[in-house]
Amino acid sequence: MRMSLSNASLPVKVVFFVGLFVSPWLFTQAVILVIANDENIETMPTCDSNSGNCAHLGGGENYRMNLSIPTQIEINSSHAWDIIQDYIDENNGKILVESDNGINFYVHFVEKTNFWQFPDDVIVQISGNEEGCIIEMHSESRLGWGDIGVNPDRLNRIYELLV
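What counts and what doesn't
- Residues numbered from 1 in each chain as written.
- Predicted model: local features only at pLDDT ≥ 70, side-chain atom pairs only at ≥ 80, totals over all residues.
- Heavy atoms only, no water.
- Phe/Tyr/Trp six-rings, centres within 6.5 Å; stacked < 30°, edge-to-face > 60°.
- Disulfide = S-S within 2.5 Å.
- Buried < 20%, exposed > 50% of the residue type's maximum accessible area, 1.4 Å probe, protein only.
- Axes fitted to C-alpha atoms, helices over the stretch in contact; angles between N-to-C directions.
- Helix = DSSP H or I, 4+ residues; strand = E, 2+ residues; numbered from the N terminus.
- Parallel < 35°, antiparallel > 145°, perpendicular 65-115°, else oblique.
- Left-handed = near helix turned anticlockwise from the far one by under 90°.
- Contact = heavy atoms within 4.5 Å.
- Nonpolar A, V, L, I, M, F, W, Y, C, P; charged D, E, K, R; others polar.
- Expected span 1.5 Å × (residues − 1).
- Arc of directions from axis to C-beta.
- Polar contact = N/O pair within 3.5 Å; in protein donor to acceptor, adjacent residues only side chain to side chain.
- Pairing = 2+ DSSP bridges.

Caption draft 1: Geometry of the packing of aromatic side chains. One pass over the full model with this rule turns up 3 aromatic pairs. Taken together, a centroid distance of 5.0 Å and an interplanar angle of 90° make the contact between F115 and W116 edge-to-face.

The structure is reproduced here in C-alpha coordinates:
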(Lines give C-alpha, C1' and ligand atoms only; values in the text may rest on other atoms or scores of the structure.)
Protein backbone atom coordinates (compact mmCIF):
# COMPACT_ATOMS: atom_id res chain seq x y z
CA MET A 1 0.00 0.00 0.00
CA ARG A 2 1.45 3.36 -1.06
CA MET A 3 0.78 6.58 0.75
CA SER A 4 1.42 9.97 -0.83
CA LEU A 5 3.32 12.56 1.15
CA SER A 6 0.28 14.84 1.18
CA ASN A 7 -1.63 12.22 3.20
CA ALA A 8 1.25 11.56 5.62
CA SER A 9 1.20 12.69 9.24
CA LEU A 10 3.18 15.72 10.32
CA PRO A 11 5.99 13.70 11.97
CA VAL A 12 6.45 11.68 8.76
CA LYS A 13 6.62 14.89 6.70
CA VAL A 14 9.15 16.40 9.08
CA VAL A 15 11.36 13.29 8.94
CA PHE A 16 11.10 13.24 5.14
CA PHE A 17 12.11 16.89 4.71
CA VAL A 18 14.88 16.71 7.31
CA GLY A 19 16.22 13.65 5.49
CA LEU A 20 16.19 15.53 2.19
CA PHE A 21 17.97 18.47 3.77
CA VAL A 22 20.62 16.41 5.58
CA SER A 23 21.37 13.83 2.89
CA PRO A 24 23.71 16.06 0.78
CA TRP A 25 25.73 16.86 3.91
CA LEU A 26 25.93 13.18 4.91
CA PHE A 27 26.93 12.21 1.37
CA THR A 28 29.65 14.88 1.35
CA GLN A 29 31.00 13.66 4.71
CA ALA A 30 31.19 10.10 3.38
CA VAL A 31 33.08 11.27 0.27
CA ILE A 32 35.51 13.33 2.35
CA LEU A 33 36.13 10.36 4.64
CA VAL A 34 37.00 8.16 1.66
CA ILE A 35 39.07 10.46 -0.57
CA ALA A 36 40.64 13.04 1.77
CA ASN A 37 42.67 10.95 4.18
CA ASP A 38 45.22 12.56 6.48
CA GLU A 39 48.78 12.46 5.15
CA ASN A 40 51.69 13.85 7.13
CA ILE A 41 53.49 16.76 5.49
CA GLU A 42 56.96 16.96 6.99
CA THR A 43 58.51 19.64 4.76
CA MET A 44 57.13 22.99 3.69
CA PRO A 45 55.18 22.57 0.44
CA THR A 46 54.63 25.16 -2.29
CA CYS A 47 51.51 25.94 -4.30
CA ASP A 48 51.09 24.84 -7.91
CA SER A 49 51.42 27.83 -10.24
CA ASN A 50 47.74 27.76 -11.26
CA SER A 51 46.19 26.65 -7.96
CA GLY A 52 42.96 28.27 -6.81
CA ASN A 53 42.86 26.39 -3.50
CA CYS A 54 46.24 27.24 -1.99
CA ALA A 55 48.00 30.17 -0.32
CA HIS A 56 51.61 30.54 0.77
CA LEU A 57 53.51 33.22 2.64
CA GLY A 58 57.27 33.35 3.04
CA GLY A 59 60.27 31.41 1.85
CA GLY A 60 60.33 33.43 -1.37
CA GLU A 61 57.22 31.59 -2.52
CA ASN A 62 54.36 34.03 -1.78
CA TYR A 63 51.23 32.84 -3.56
CA ARG A 64 47.84 34.58 -3.38
CA MET A 65 49.19 36.74 -0.55
CA ASN A 66 50.15 40.41 -0.36
CA LEU A 67 53.80 40.55 -1.45
CA SER A 68 54.56 43.41 0.93
CA ILE A 69 53.82 41.39 4.09
CA PRO A 70 57.14 41.00 5.95
CA THR A 71 57.92 37.51 7.18
CA GLN A 72 60.55 38.72 9.65
CA ILE A 73 58.54 39.56 12.77
CA GLU A 74 59.68 41.15 16.01
CA ILE A 75 58.65 38.55 18.55
CA ASN A 76 60.75 35.64 19.69
CA SER A 77 60.05 32.26 18.17
CA SER A 78 58.79 30.70 21.43
CA HIS A 79 56.13 33.38 21.78
CA ALA A 80 55.13 32.95 18.12
CA TRP A 81 54.88 29.19 18.74
CA ASP A 82 52.54 29.79 21.71
CA ILE A 83 50.32 31.96 19.50
CA ILE A 84 50.17 29.26 16.82
CA GLN A 85 49.30 26.58 19.39
CA ASP A 86 46.49 28.79 20.76
CA TYR A 87 45.19 29.31 17.20
CA ILE A 88 45.17 25.55 16.58
CA ASP A 89 43.29 24.90 19.83
CA GLU A 90 40.74 27.68 19.25
CA ASN A 91 40.01 26.43 15.71
CA ASN A 92 39.79 22.74 16.61
CA GLY A 93 42.84 21.92 14.52
CA LYS A 94 44.17 18.40 14.42
CA ILE A 95 47.97 18.28 14.63
CA LEU A 96 49.55 15.69 12.33
CA VAL A 97 53.24 16.69 12.52
CA GLU A 98 54.94 18.80 15.16
CA SER A 99 58.59 19.46 15.88
CA ASP A 100 60.61 22.02 17.76
CA ASN A 101 64.07 22.48 19.19
CA GLY A 102 63.25 25.48 21.36
CA ILE A 103 64.20 28.00 18.66
CA ASN A 104 62.76 26.57 15.42
CA PHE A 105 59.24 25.21 15.18
CA TYR A 106 57.23 23.32 12.56
CA VAL A 107 53.63 22.17 12.63
CA HIS A 108 51.28 20.58 10.11
CA PHE A 109 47.67 20.64 11.23
CA VAL A 110 44.26 20.14 9.65
CA GLU A 111 41.59 22.78 9.97
CA LYS A 112 38.08 22.06 8.68
CA THR A 113 35.60 24.48 7.17
CA ASN A 114 32.59 25.17 9.35
CA PHE A 115 29.54 23.60 7.70
CA TRP A 116 30.82 21.19 5.06
CA GLN A 117 33.89 20.12 7.09
CA PHE A 118 36.26 20.21 4.11
CA PRO A 119 39.80 19.51 5.40
CA ASP A 120 42.52 22.07 4.76
CA ASP A 121 46.19 21.38 5.45
CA VAL A 122 47.95 24.22 7.24
CA ILE A 123 51.71 24.26 7.74
CA VAL A 124 53.57 26.85 9.84
CA GLN A 125 57.33 27.07 10.18
CA ILE A 126 58.95 29.49 12.62
CA SER A 127 62.72 30.08 12.58
CA GLY A 128 64.19 32.04 15.48
CA ASN A 129 66.91 34.62 14.93
CA GLU A 130 68.46 37.62 16.72
CA GLU A 131 65.82 40.07 15.44
CA GLY A 132 62.83 37.88 16.41
CA CYS A 133 61.77 35.18 14.00
CA ILE A 134 61.02 34.40 10.38
CA ILE A 135 57.71 32.76 9.55
CA GLU A 136 56.61 30.72 6.58
CA MET A 137 53.03 29.53 6.24
CA HIS A 138 51.06 27.40 3.81
CA SER A 139 47.32 26.62 3.65
CA GLU A 140 45.79 24.32 1.05
CA SER A 141 42.41 22.69 0.53
CA ARG A 142 42.61 18.95 -0.07
CA LEU A 143 39.58 18.87 -2.32
CA GLY A 144 38.43 20.98 -5.22
CA TRP A 145 39.94 23.63 -7.46
CA GLY A 146 38.94 26.75 -5.56
CA ASP A 147 38.64 27.89 -1.96
CA ILE A 148 36.55 31.09 -2.16
CA GLY A 149 39.48 32.90 -0.52
CA VAL A 150 39.48 30.75 2.63
CA ASN A 151 43.19 29.89 2.52
CA PRO A 152 44.57 33.44 2.02
CA ASP A 153 42.13 34.69 4.68
CA ARG A 154 43.32 32.01 7.11
CA LEU A 155 46.97 32.93 6.63
CA ASN A 156 46.14 36.62 7.04
CA ARG A 157 44.31 35.86 10.32
CA ILE A 158 47.27 33.86 11.64
CA TYR A 159 49.69 36.58 10.54
CA GLU A 160 47.64 39.27 12.32
CA LEU A 161 47.82 37.23 15.54
CA LEU A 162 51.60 37.08 15.24
CA VAL A 163 52.18 40.78 14.64
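Caption draft 2: Region of the structure containing the state of the cysteines. A full pass over the atoms with the stated rule returns 1 disulfide. One disulfide in the model links C47 with C54; its S-S distance is 2.0 Å. What sets the handedness of the C47 and C54 disulfide is the S-S torsion sign, and at about -70° it is left-handed. Here C47 and C54 have matching classes, each one buried.

Caption draft 3: Geometry of the packing of helix 2 (residues 77-90) against helix 3 (residues 150-162). Here helix 2 crosses helix 3 at 135°, and the two axes come no closer than 9 Å. In terms of axis orientation, helix 2 runs oblique to helix 3. Seen from above, helix 2 lies across helix 3 with right-handed handedness. Taken together, the residues of helix 3 that come into contact with helix 2 (itself represented by A80, I83, I84 and Y87) are R154, R157, I158, L161 and L162. Of the residues contributing to the contact of helix 2 with helix 3, the split by class is 7 nonpolar, no polar and 2 charged.

Caption draft 4: View of helix 2. With 14 residues, helix 2 should cover 20 Å at 1.5 Å per step; its first-to-last C-alpha distance of 20 Å lies within 8% of that length. Of the residues making up helix 2, those classed as buried are S77, A80, W81, I83, I84, Y87 and I88. Looking straight down helix 2, one finds its buried side chains confined to an arc of 160°; they lie on one side. The exposed set on the far side of helix 2, more than 90 degrees from its buried face, consists of D89 and E90. Buried residues along helix 2 sit in contact with strand 3 (94-100), strand 4 (104-112), strand 5 (119-129), strand 6 (132-141) and helix 3. The N-terminus of helix 2 is capped by N76, whose side-chain oxygen sits 3.1 Å from the backbone nitrogen of S78. The first or second residue beyond helix 2 is N92, which carries a positive phi of 55°.

Caption draft 5: Region of interest: the pairing of strand 5. Judged from the 9 bridges that link them, strand 4 and strand 5 form a sheet pairing that is antiparallel. By the bridge assignment, E111 is partnered in strand 5 with D120. Between strand 4 and strand 5, which pair antiparallel and follow one another directly, the connecting turn spans 6 residues, one of which, Q117, has a positive phi of 65°. Bridge count between strand 5 and strand 6: 10 bridges; the pairing is antiparallel. Following the sheet pairing, S127 is matched in strand 6 by I134. Counted between consecutive antiparallel strands, the loop separating strand 5 from strand 6 contains 2 residues.

Interpretation in functional terms is not warranted from these geometric data alone.
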